[in-house]
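Report on the structure
So the chains spell out like this:
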Amino acid sequence: MFRTYDQQNHQPDRQHVLLTQQLLGVLGEEEYFARQEAEQARKLAANRHATLMTQEREQARANHFMKCPKCGMQLDEIAFGDIAVDKCFSCEGLWLDRGELDLIRRKGDGFMPRLLSVFGG
């Protein structure tokens, strides 16, 4: 009986433990480490997301490289002077890369009709 009474008196209730921890600063320490772990988990998730986005972008680039945006067939790159025209022989589309239209504009008025006479339908 003495033993049971002792155990009942020495078992602190939850509120007493929390109050003691607050007084000793333990809760603040636990909260600090919990915040640190949460921030670390957020950074890890952001890094995983960025890696996934990079992988998806690379996969999309590999799947669509030199494919016609109109019909999806293979594009053939044909050089005409210093301009490389991407031509789809399936739908007869002509595709220019970045900066190539500016090169055509700089070459003058007679260049575009010659280009179209070679690659046009």
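Note: the structure precedes this text.
The following paragraphs examine the structure supplied in this document. What you see is a predicted model; the values in this text were computed from it and never measured.

**Brief notes about the overall build of the protein chain**
Tallying secondary structure elements over the protein chain gives five helices and three strands in all. Walking the protein chain from its N terminus toward its C terminus, one meets helices and strands in the order α-α-α-β-β-β-α-α. Put simply, the protein chain has 121 residues, and 14% of those count as buried. Partitioning the intrachain contacts of the protein chain with sequence separation of at least 6 by distance along the chain shows that 21% fall at a separation of at least 24. Carbon together with sulfur atoms contributes 55% to the accessible area of the protein chain, which is approximately 10,200 Å² in total.

**Observations regarding the layout of surface pockets**
Roughly 170 Å³ of volume is contained in the largest pocket. Every residue along the wall of the largest pocket is listed here: His64, Phe65, Met66, Lys67, Pro69, Leu75, Glu77, Asp86, Trp95, Leu96 and Asp97. Class assignment for the residues of the lining of the largest pocket results in six nonpolar, one polar and four charged.

**Comments concerning the sheet that holds strand S1 (residues 76–80)**
Strand order in the open sheet formed by three strands is S1-S2-S3, with antiparallel pairing between adjacent strands. Two strands in the sheet have a free side with no partner beyond their single neighbour: S1 and strand S3 (94–95). Two elements, strand S2 (residues 83–87) and S3, share two bridges in a ladder whose sense is antiparallel. Directly across from Lys87, in S3, lies its bridge partner Leu94. Against the sheet, helix H4 (residues 100–107) touches S2 and S3, its axis set at about 125 degrees to S2.

**Quick word on the nonpolar core**
Core analysis: the biggest nonpolar cluster contains six residues, these being Phe80, Ile83, Val85, Ile104, Phe111 and Leu115. Counting residues per element, the ones that place at least two in this core are S2 and helix H5 (111–119).

**Re the side chain of Lys87**
Here Lys87 lies in strand S2. A polar contact of 2.8 Å, which involves the side chain of Lys87, links it to the side chain of Glu92.

**Description of the environment of Asp82**
Inspection of the secondary structure puts Asp82 in the loop between S1 and S2. We classify Asp82 as exposed; its relative accessible area is 54%. C-alpha separation for the pair Asp82 and Glu100, spaced 18 residues apart in sequence, amounts to 9.2 Å. Beyond its immediate chain neighbours, meaning those up to four positions away, Asp82 contacts Leu103 and Lys107.

**Some remarks on unusual backbone geometry**
Working note: non-glycine residues mostly have negative phi, and peptide bonds are mostly trans. Of note, the phi angle at Met66 is positive, near 60 degrees, even though the residue is not glycine. Summarising the element assignment, Met66 is placed in the loop between helix H3 (26–64) and S1. Despite not being glycine, Glu92 shows a phi value in the positive range, around 65 degrees. Position of Glu92 among the secondary structure elements: in the loop between S2 and S3. Look at Glu92 and you get partly exposed, because its relative accessible area is 43%.

Basis of the calculations
- Residues numbered from 1 in each chain as written.
- Predicted model: local features only at pLDDT ≥ 70, side-chain atom pairs only at ≥ 80, totals over all residues.
- Heavy atoms only, no water.
- Helix = DSSP H or I, 4+ residues; strand = E, 2+ residues; numbered from the N terminus.
- Buried < 20%, exposed > 50% of the residue type's maximum accessible area, 1.4 Å probe, protein only.
- Contact = heavy atoms within 4.5 Å.
- Areas by Shrake-Rupley, 256 points an atom, 1.4 Å probe, with all protein chains shown as cover.
- 1 Å grid on protein atoms, 1.4 Å probe; cavity = no way out; pocket = protein on both sides within 12 Å on 5 of 7 lines; lining within 4 Å.
- Points joined across faces, edges and corners; volume = space filled by probe spheres on them.
- Nonpolar A, V, L, I, M, F, W, Y, C, P; charged D, E, K, R; others polar.
- Pairing = 2+ DSSP bridges.
- Axes fitted to C-alpha atoms, helices over the stretch in contact; angles between N-to-C directions.
- Core = buried A, V, L, I, M, F, W, Y, C linked by side-chain atoms within 4.5 Å.
- Polar contact = N/O pair within 3.5 Å; in protein donor to acceptor, adjacent residues only side chain to side chain.

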